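What follows is the residue order along each chain.
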Amino acid sequence: MTGQTRPRRGATYELQRGYRLMIVPALLAVGIFAIVPLAGMFGLAFSDYHLIRGTNWDFGFQNFAKMLSDKRLMNSIYVMAALSFFGVALQVIIGSAVAVGLQKITGRWRVGRILFLLPYAVPHVAVALIWLSLFTPTLSPINAFFDLFGLTVPAFLTSQWGAIFAIVMADTWTNFPFAMLIIMAALQGISPDLEEAAAIDGATRIRTFIYITLPLLAPALLMVTLFRFIDSLKHFPMIFVMTKGGPGRSTQATNFYAYVQTFQNSNVAYGAAIALMLFLMAALISYYVAKLNQRVTS
Amino acid sequence: MKHLLSKALVTSFALAAPFAPTVAQAQEVNVLMFGMPFTNGLLELTDEFEAETGITVNMDVVGQDVFESRITLSFTGGTGDIDVVHTPVIQVQKWIQAGWLQPMTDLVSEETTSDILAGPLGAYNVNGDQWALPFFAGVGLMSYRKDVLEEAGLAVPETWAELLEIAPQVQNDERAAIALRAVPGQGFNMFIFPMVMRAYGGTFFADYENGDLTPAINSPENLEALKIYVELINEYGPPGAGNFNFAEVNAAGQNGQIVFAVEGTGIISQLVDPDKSRFADVTGIALPPGGPNGRSPAIGVHGMGIPADATNVDAATQFIEWAVSAETVAKIAMAQSFPDFTTASVADNPEVIAKYAAIHPDFLATRVEALDLAIGHYRPLVPEWPTLGQAIGEAVNAAINGLMTPEEALEQAEADMRDIMGQ
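Residues numbered from 1 in each chain as written. Chains lettered and ligands numbered in written order. Predicted model: local features only at pLDDT ≥ 70, side-chain atom pairs only at ≥ 80, totals over all residues.

Colleague: So what's going on with the overall build of chain A? Which residues, and what values?
Modeller: A tally of regular secondary structure across chain A gives 12 helices and zero strands. Dimensions of chain A along its principal axes, counting C-alpha atoms only, are 95 × 75 × 30 Å. Every one of the 298 residues in chain A was classed for burial, and the buried ones make up 31%. (Helix = DSSP H or I, 4+ residues; strand = E, 2+ residues; numbered from the N terminus. Buried ≥ 20, exposed ≤ 12 C-beta atoms within 10 Å, placed from the backbone.)

Written as structure tokens, this is what we have:
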């Protein structure tokens, strides 16, 4: 009777068990839709499976060795870096600027804020088609407009950096609302008392923004940048619709190159290896950003 | 519990049903195609086939992306759930190499094959065996603005050199001389550019017809062709022509921004259709330009084949022969916008002639003429073609957009070809 007490099986225990059971559907979903395909991709990346030639069950690092000497892959990483850097920077800057600006709007006009969300709701292929027309001189209303004044707008899509600029534009237009939303939410978490206190102490609007608002926004900014960066690694619709990777190979980003290898060249194993590399890159960078976030918030 | 057990038992029987041996009388055929005027028209006629033969038809017409995933799953999984499959000529090489198709040489009758145009039929003849029967052949043609040429007192150019000569004379501030595909891809710029290549005697391989697959793209003939292509697009194309695909060529033609277009019949037919183009009435059709080595119109063929693991091979053969027969094709040609048939006798059908003459008098005749000139291996019928086409297309596009000189582009193309062919 006396001595060791057994853990009491009371109401809390039952609740805990209930909670644990409720996680099961989510675990199943993540398992089936994320873990299993990821494991499959892992397996493929280390194999020599070719869609047409089949496989010799030759597992190893051969795909990764090939990646090291693949000039087209190096080119694609360079392209991806350009698209990611400029795209994410513009999206975060414009999104934040719009968020800060919209915050000042009060009253009836607040409903108008929804207009800024609309670009985010457009499917990416539609966005790509719209911007393709805008950048095609024979179809674009922009060119027609400037033609009236005798000015010729250059053809962006036929030059290397012009094409990158065009894709960054289309990408930014559709994705800046995401940054805007996150920053707006973060701004609402900042007590107006802080700004008031700073104003009373004689700080200008700009100084308040730089020394008070921005540091408080830092975690949100970091998170938005990370999310947009990971998303930018998956760049496909804009490239496929607007330039097909051209001119030459100057907009052939890494994910697009993985598509070419997998579906055009039927080299499924190599495409999987490239995708795995992208996944590891994203994972690594997320890890470091998370650590950075910890330091910033503490 | 008992309830659950009996339910499970019944479900397992139901799941096992597809694997049960098919009863000899209840024949059926499973057809998978992707959406095009012919396949849509065929879907509407399946009742007639069922009435004629008593074979049940389970036909699916899906989008091209859905099609790709379904056939990949079916073929790699060996499920045998498809008896008749849509076989675009570009894919057929890969499928043959992967062992996903079975030869139809001994299955189809002489009667059927003799009524099919030689070029498209030859496109499915690999290693002496017939692997599919064609139902569609898009061919390269040229459209031109009759009013512009009349005004300038010029005749329709017969060669690329002539076209280059008259281009500056028909070009002005409002319109460019010609629009051609430039974007990289085996189905994009590499559908049009080989017309110029072959007109000048250029080839992809040293001696394709006799099996010598040494890459030969870096040749003086191909260089001349590439320089002409680059010049036509840069000097005589609309602004931004370096990123043109068939959609932009089509739009430019319909808006009267160009004088000439060399494109597939899918686009040309829209340029002469009064419902689509404002300039349809003043647009004429001709064979694509030739060169010192003659004319080689582009050709893109679609057909029907039988997967290697098909379960209903007899029914499949009957279905295919019925689908490409003159009666069926004529009916579809009348019901749909489908002038791209490959069954020869349909071209003599007065109703069909009348229907398409209403759209444009020369269309059918010019098309058949072009098909007679076309070669089945316009784009080499090797399994590596999609990869080769992509790499060469990128090099051609780079030359067009000034990222490389034509010489450098062909050097890169040949180096890529050697990598891909494993040499």
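Colleague: Talk me through unusual backbone geometry; I want residue IDs and the actual numbers.
Modeller: Look at the link from Gly246(A) to Pro247(A): it is a cis peptide, with omega at -10°. With a phi close to 55°, Trp57(A) is a non-glycine residue in the positive phi region. Assignment of secondary structure puts Trp57(A) in the loop between α1 (11-45) and α2 (62-68). Of note in this structure, Asn127(B) is not a glycine but carries a positive phi near 50°. Its place among the elements puts Asn127(B) in the loop between β5 (125-126) and β6 (129-130).

Colleague: Lay out the interface of chain B and chain A with the relevant residues and their values.
Modeller: Where interface size is given, it is often the accessible area lost as the parts come together that is meant. Listed by partner, the interface residues are 26 residues for chain B and 21 residues for chain A. Elements represented by at least two residues in the side of chain B that touches chain A include exactly α4 (89-98), α11 (246-254) and α17 (385-400) of chain B. Looking at the side of chain B that touches chain A, the element that brings in the most residues is α17(B), giving six residues. Here the side of chain B that touches chain A is composed, by residue class, of 13 nonpolar, 10 polar and three charged. (Contact = placed C-beta atoms within 7 Å. Nonpolar A, V, L, I, M, F, W, Y, C, P; charged D, E, K, R; others polar.)

Colleague: Which residues make up α17(B), and what are the values?
Modeller: Residue and element names in this part refer to chain B. For α17, built from 16 residues, the straight-helix expectation of 22 Å at 1.5 Å per residue is met to within 8% by its first-to-last C-alpha distance of 22 Å. With respect to burial, α17 is a largely interior element, 16 of its 16 residues being buried. Remark: glycine 402 follows α17 within two positions and exhibits a positive phi of approximately 75°. (Expected span 1.5 Å × (residues − 1).)

Colleague: Can you break down the environment of Asn293(A) residue by residue, with the values?
Modeller: Residues and elements named next belong to chain A. Within the fold, asparagine 293 resides in helix α12 (residues 268-297). For asparagine 293, a count of 16 C-beta atoms within 10 Å gives the class partly exposed. The contacts of asparagine 293, once residues within four sequence positions are left out, are Pro219 and Leu222.

Colleague: Got a sec to walk through the nonpolar core? Specific residues and values, please.
Modeller: One finds Ile178(B), Ala179(B), Leu180(B), Val196(B), Tyr229(B), Phe260(B) and Phe319(B) to be the most contacted residues of the largest nonpolar core, which totals 128 residues. In terms of residue count, the dominant contributor to this core is α17(B) (nine residues). Two domains each put at least three residues into this core: domain 1 (29-136 + 300-364) and domain 2 (138-298 + 377-421) of chain B. Excluding residues within four positions of it along the chain, Ile178(B) makes contact with Ala167(B), Leu232(B), Tyr236(B), Gly237(B), Ile258(B), Val259(B), Phe260(B) and Ala261(B). Counting residues in hydrophobic clusters, the runner-up holds 38 residues, among them Trp131(A), Phe135(A), Val241(A) and Tyr259(A). (Core = buried A, V, L, I, M, F, W, Y, C linked by C-beta atoms within 7 Å. Domains from an automatic or database assignment.)

Colleague: How would you explain the confidence of the model for chain B if you had to name every residue and give the values?
Modeller: Within chain B, residue pLDDT values average 89, and 94% of them lie at 70 or more. For this predicted complex, the interface score ipTM comes out at 0.83, while the overall pTM is 0.84. (pLDDT = per-residue confidence, 0-100.)

Colleague: Explain the domain arrangement of chain B to me, and be specific about the residues and the numbers.
Modeller: All names here are of chain B. You can read the domains of chain B as domain 1 (29-136 + 300-364) and domain 2 (138-298 + 377-421). Distance from the C-alpha centre of domain 1 to the C-alpha centre of domain 2: 28 Å. Per-element accounting of the side of domain 1 that touches domain 2 gives the leading share, four residues, to α4. Grouping the amino acids of the side of domain 1 that touches domain 2 by side-chain chemistry returns seven nonpolar, four polar and three charged.

Colleague: For the domain arrangement of chain A, give the residues involved together with the corresponding values.
Modeller: Residue and element names in this part refer to chain A. Domain boundaries in chain A define domain 1 (1-45) and domain 2 (61-297). If you average the C-alpha positions of domain 1 and of domain 2, the two centres end up 36 Å apart. The interface is formed by four residues belonging to domain 1 together with seven residues belonging to domain 2. Split by residue class, the side of domain 1 that touches domain 2 holds four nonpolar, no polar and no charged.

Colleague: Describe the pairing of strand β11 (residues 258-264) of chain B, with residues and values.
Modeller: Residue and element names in this part refer to chain B. Within β11, seven of the seven residues are buried, which leaves it mostly tucked inside the rest of the structure. The pairing of strand β7 (residues 133-145) with β11 spans five bridges and is classified as antiparallel. Within β11, the residue paired with leucine 141 across the bridge is glutamate 263. Pairing geometry for strand β8 (residues 176-179) and β11, over three bridges, is parallel. (Pairing = 2+ DSSP bridges.)

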